[in-house]
Amino acid sequence: MRWLRSLTRLQFLLILLCSGCISQIREAKPPEAPSVEASDLFNRAERARSLGKLEEAALLYDSYVQDYPDTALSDDALFRSAQVHEELGFSDRAVEKYQSCLQKYPKSEWNVEAHLNLGQLFSDLDRHEEAIAILKELVGRSLTRRQQLEVSAWMGRAHEELGQLLSATRWFGKAWELETNPEIKKEIETKVSSWIAERLTFEELQGIMKSFPRSYPGTEARYYLAVLYMREGKLSDATSELQEIVHWEFDEERKARAHLLLNRLDVQKEVGVRRIGALLPLTGKYAGYGTQVLQGMEFAVGLFGMQRSSASGLNVLLYDTQGDPERARRGVEWFSSKGVMAIIGPITSAEAETAALAAQKAEIPLFSFAQRTGEDLQYFFRLNPTHAEQVKELVHYAIQGGGFHRFGLLYPDDPYGHDWASLVRQEVEAGGGGIVAAEFYSLSSDSISAAIQRLIGVPVGSKPKSKTEGGEKRIEIPFEALFIPDYYKNVAMVAPQLAYHDVRGVQLLGTSAWNSPDLLELAGRTLEGAIFPALFFPDSPISSMRDFEKRFTETFWEVPDSVAALAYDIVTSLDSVLTRKEVTSGYQLRQSLLEGRRFQGVTGESFFLPNGEIVKEMPLVRIERGRMVPLLE
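Residues numbered from 1 in each chain as written. Predicted model: local features only at pLDDT ≥ 70, side-chain atom pairs only at ≥ 80, totals over all residues. Heavy atoms only, no water.

(A) Main features of the overall build of the chain. Helix and strand counts for the chain come out as 27 helices and 15 strands. Counting across all 633 residues of the chain, residues that qualify as buried make up 54%. Considering only contacts in the chain between residues 6 or more positions apart, those separated by 24 or more positions represent 62%. Entry remark: accessible area of the chain is about 29,100 Å², with carbon and sulfur atoms responsible for 50%. (Helix = DSSP H or I, 4+ residues; strand = E, 2+ residues; numbered from the N terminus. Buried < 20%, exposed > 50% of the residue type's maximum accessible area, 1.4 Å probe, protein only. Contact = heavy atoms within 4.5 Å. Areas by Shrake-Rupley, 256 points an atom, 1.4 Å probe, with all protein chains shown as cover.)

Right, here's the structure in full:
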């Protein structure tokens, strides 16, 4: 409340310190002039205060009130004493003196200021109901513009602190109308708009509109009333409210926002609710992932004469993010203008951060493949199980199913690797195991080789020992299982180095990032027996996966990976929801998804939790004879 406190006290106290200004503000007193002794005492108090001797000033003011309670300066002295005690931090004493001033001198020229200062002091002391009561006594009285502004602002704060947001909005709205400083007006808007958008009811928004029909916060309430109409599918009512804003609003930013929503409504009326967006990197570093996702979506909607799903009525719009977070944000805004009901993508966490914020603002559910962290947003849905869930599943199997307790950890020297390493450490220790060796590497043969040698406790640069006829010369590996949290292309570089350094007889454990049709071709037999999570994998014995792979490969001449299967599943799931008549907005789509409804797809059964996290079984696979096979405990 920096701006609120800056409204009065400092300015007012500076005025009072100028003794020459006092006579200009003070009206004439009844004709009982103070004696020479009384005037001298009052002047000594004034001088002490002007010199910053506040304790001395307080004593002198109090002496004046006690010795001369009925002179023309008595109310001045008592009011000054209350102020000085407040400046000294003696809040309780200041409250008593302000109250005494109001009781003893109800017709004093300081009556309004005493009310204001007492109301502010009560608010600072978290005595908000008392603040409201004392400030309410000023309502209807003849006040200056500054005094009206202070009453409105501090009444707004008191109601806000009590959780009475409708009353707070009304009072802050009056403060906004009285305020002339653009920066302070913007601070009021930032505060009030947050709860208008999220916490006021339909009826409360209507009430604010009636109180402020042509100004803030009435236009803000009208905008979010239109949003509520949109959520309920009442597009004509929403259009009427937005047209009112466009007609009467003078703030260009708010007017532009209303125009954007109107355009979105016009598009939605034209195309209905059967339009979804694909927000994917189709060029650049992550183009391979983006292409797989797009193909999964295209397969679901039946493009290019391919088969045939119930989602064939969906219309997919495409936006290439190029892996750029700023383009991802702009893509969401573009989709919003085109009336899409849901967005699939993006791929990376950096893109997901900006896109999720934009989707939240536009109220469009966004289904991302990224392991996004940060603030929770209502319209963000994660399609992949989290890294923590994967680690938990792997460690549980390794300790409970495999009987392993001594673990090694070999990870890339980047944020992805360090995050995974931290999760593995926590879960292993929680499960009763221990990390007995850990090393990180960069993506070069020398770095990987050196990291492996440090991991197994041999001199860096030495040649590996091997079996001879004379006996066993191979070193003893200190761990029973080895985690390698990295992407499949990098793992294909690490695995041969492990074999070269004779790291054999240990259980290799990986992440879902290992899951690619190219992994086995790149790594050869060096990953035989390795275990990792895989929602979907080639040559699966599971009939639904096998059938999907066959039809997908026939269509695209390419083997699908897990992101293609996940994209297929989410599009068909969205179609099943969007066919329901009551789902005509992003808000209603989100609500339907959070009802706990279960969706069956090629990657298994899944449903969404209220926080947007997906609940999906994360099966483990083992590499056996160059193939991925389900791991059955």
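There is more to say, and it comes next.
(B) Inspection of the pattern of salt bridges at higher detail. Taken as a whole, this structure holds 23 salt bridges when the rule is applied. Here arginine 406 and glutamate 480 are joined by a salt bridge, their closest N and O atoms 3.8 Å apart. Here the residue arginine 406 occupies a position in strand β6 (residues 406-412), and glutamate 480 occupies one in the loop between α22 (445-456) and β8 (481-483), the gap between them amounting to 74 residues. Judged by relative accessible area, arginine 406 falls into the partly exposed class, the value being 37%. Through salt bridges with shared partners, a single network forms among Glu326, Arg329, Arg330 and Glu333. (Salt bridge = Lys/Arg side-chain N within 4 Å of Asp/Glu carboxyl O.)

(C) Examining the sheet that holds strand β11 (residues 599-601) more closely. Strand order across the open sheet formed by three strands is β11-β12-β13, with antiparallel pairing between neighbours. The open sheet is flanked by β11 and β13 (614-616), the only strands paired with a single partner. Across the sheet, the mean angle from the axis of one strand to that of its neighbour is 30 degrees, orientation sign disregarded. Sheet topology note: the β11/strand β12 (residues 604-608) ladder contains three bridges and is antiparallel. Directly across from glutamine 600, in β12, lies its bridge partner glutamate 605. The sheet strands contacting helix α26 (residues 562-578) are β11, β12 and β13, and the helix crosses β11 at an angle near 140 degrees. (Pairing = 2+ DSSP bridges. Axes fitted to C-alpha atoms, helices over the stretch in contact; angles between N-to-C directions.)

(D) Layout of the packing of aromatic side chains. Under the definition given, this model contains 27 aromatic pairs. Seen in terms of ring centroids, tyrosine 319 and phenylalanine 335 are 6.3 Å apart; in terms of plane orientation they differ by 70 degrees. Their pairing is edge-to-face. Here tyrosine 319 is found in strand β2 (residues 315-320), whereas its partner phenylalanine 335 is found in helix α18 (residues 325-337), with 16 residues between them in sequence. Both residues of the pair, tyrosine 319 and phenylalanine 335, count as buried. Members of the aromatic cluster, joined through ring pairs, are Phe299, Phe536, Phe548, Phe552, Phe556 and Tyr568. Geometry around tryptophan 248 places arginine 214 over its ring, the cationic atom sitting 3.8 Å from the centre. (Phe/Tyr/Trp six-rings, centres within 6.5 Å; stacked < 30°, edge-to-face > 60°. Lys NZ or Arg CZ within 6 Å of the ring centre and 35° of its normal.)

(E) Structural context of the pairing of strand β7 (residues 434-441). Here seven bridges tie β6 to β7, and the two strands are oriented parallel to one another. Residue tyrosine 411 lies in a different strand from β7, and its bridge partner there is phenylalanine 440. Traced from β6 through helix α21 (residues 415-430) to β7, the parallel crossover comes out right-handed. (Right-handed = clockwise from strand over helix to strand, strands pointing away.)

(F) Main features of helix α19 (residues 349-362). Taking 1.5 Å per residue, 14 residues should reach 20 Å; α19 reaches 20 Å between its end C-alpha atoms and fits that length. At the C-terminal side of α19, glutamate 363 shows a positive phi close to 60 degrees. (Expected span 1.5 Å × (residues − 1).)

(G) Structural detail: unusual backbone geometry. The residue after tyrosine 216, namely proline 217, is reached through a cis peptide bond having omega 5 degrees. Topologically, proline 217 is positioned in the loop between α13 (202-211) and α14 (218-231). For the peptide bond that leads from glycine 345 to proline 346, omega is 0 degrees, which places it in the cis range. With phi around 60 degrees, glutamate 363 is a residue other than glycine that occupies positive phi space. Summarising the element assignment, glutamate 363 is placed in the loop between α19 and β4 (366-368). The backbone of aspartate 502 shows a phi angle near 65 degrees, a positive value even though the residue is not glycine. Counting through the fold element by element, aspartate 502 comes out in the loop between α23 (488-500) and β9 (507-509). Of the residues examined, aspartate 502 reaches a relative accessible area of 10% and is grouped as buried.

(H) Structural view of the confidence of the model for the chain. Confidence in the prediction of the chain, expressed as mean pLDDT, is 84, and 89% of residues score 70 or more. Confidence over residues 304-311 falls short of pLDDT 50; this stretch has 20 contacts with residues more than four positions distant or in other chains. Scored below 50 in pLDDT, residues 467-471 shows three contacts in the model against residues more than four places distant or in partner chains. (pLDDT = per-residue confidence, 0-100.)

(I) A look at the packing of α18 against α19. Viewed as axis vectors pointing N to C, α18 and α19 meet at an angle of 25 degrees, and their least axial separation amounts to 7 Å. Classified by the angle between their axes, α18 and α19 sit roughly parallel to one another. Viewed along their axes, α18 and α19 form a crossing whose handedness is right-handed. Across the interface between the two elements, Pro325, Ala328, Arg329, Val332 and Ser336 of α18 pack against Ala350, Glu351, Thr354, Ala355, Ala358, Ala359 and Ala362 of α19. A class-by-class count of the residues in the contact of α18 with α19 yields eight nonpolar, two polar and two charged. (Parallel < 35°, antiparallel > 145°, perpendicular 65-115°, else oblique. Left-handed = near helix turned anticlockwise from the far one by under 90°. Nonpolar A, V, L, I, M, F, W, Y, C, P; charged D, E, K, R; others polar.)

(J) Focus on the sheet that holds β2. With parallel pairing, the five strands of this open sheet are ordered in space as β2-β1-β3-β4-β5. Only two strands of the sheet have a single partner each, and these edge strands are β2 and β5 (380-382). Taken pair by pair, the neighbouring strands of this sheet meet at an average axis angle of 25 degrees, ignoring direction. With two bridges connecting them, strand β3 (residues 342-344) and β4 associate as parallel partners. Across the sheet, residue isoleucine 344 finds its bridge partner in β4, namely phenylalanine 367. Together, β1 (275-280), β2, β3 and β4 form the strand contacts of α18, whose direction differs from that of β2 by roughly 150 degrees.

(K) Spatial organisation of the nonpolar core. Membership of the largest hydrophobic core comes to 78 residues, with the highest contact counts inside it found for Phe367 and Leu527. The dominant element in this core, judged by the number of residues it contributes, is α26, at 11 residues. The residues contacting leucine 527, other than those within four sequence positions of it, are Val491, Ala495, Leu508, Trp514, Leu519 and Ile623. One finds Leu73, Ala114, Leu116 and Phe122 within the second-largest nonpolar core, a separate group that totals 42 residues. (Core = buried A, V, L, I, M, F, W, Y, C linked by side-chain atoms within 4.5 Å.)

(L) Seen up close, the side chain of glutamine 507. Among the secondary structure elements, glutamine 507 is positioned in strand β9. Classification of glutamine 507 as buried rests on a relative accessible area of 11%. Not counting residues within four places of it along the chain, the set of residues in contact with glutamine 507 comprises Phe404, Glu480, Ala481, Leu482, Gly529, Ala530, Ile531 and Arg622.

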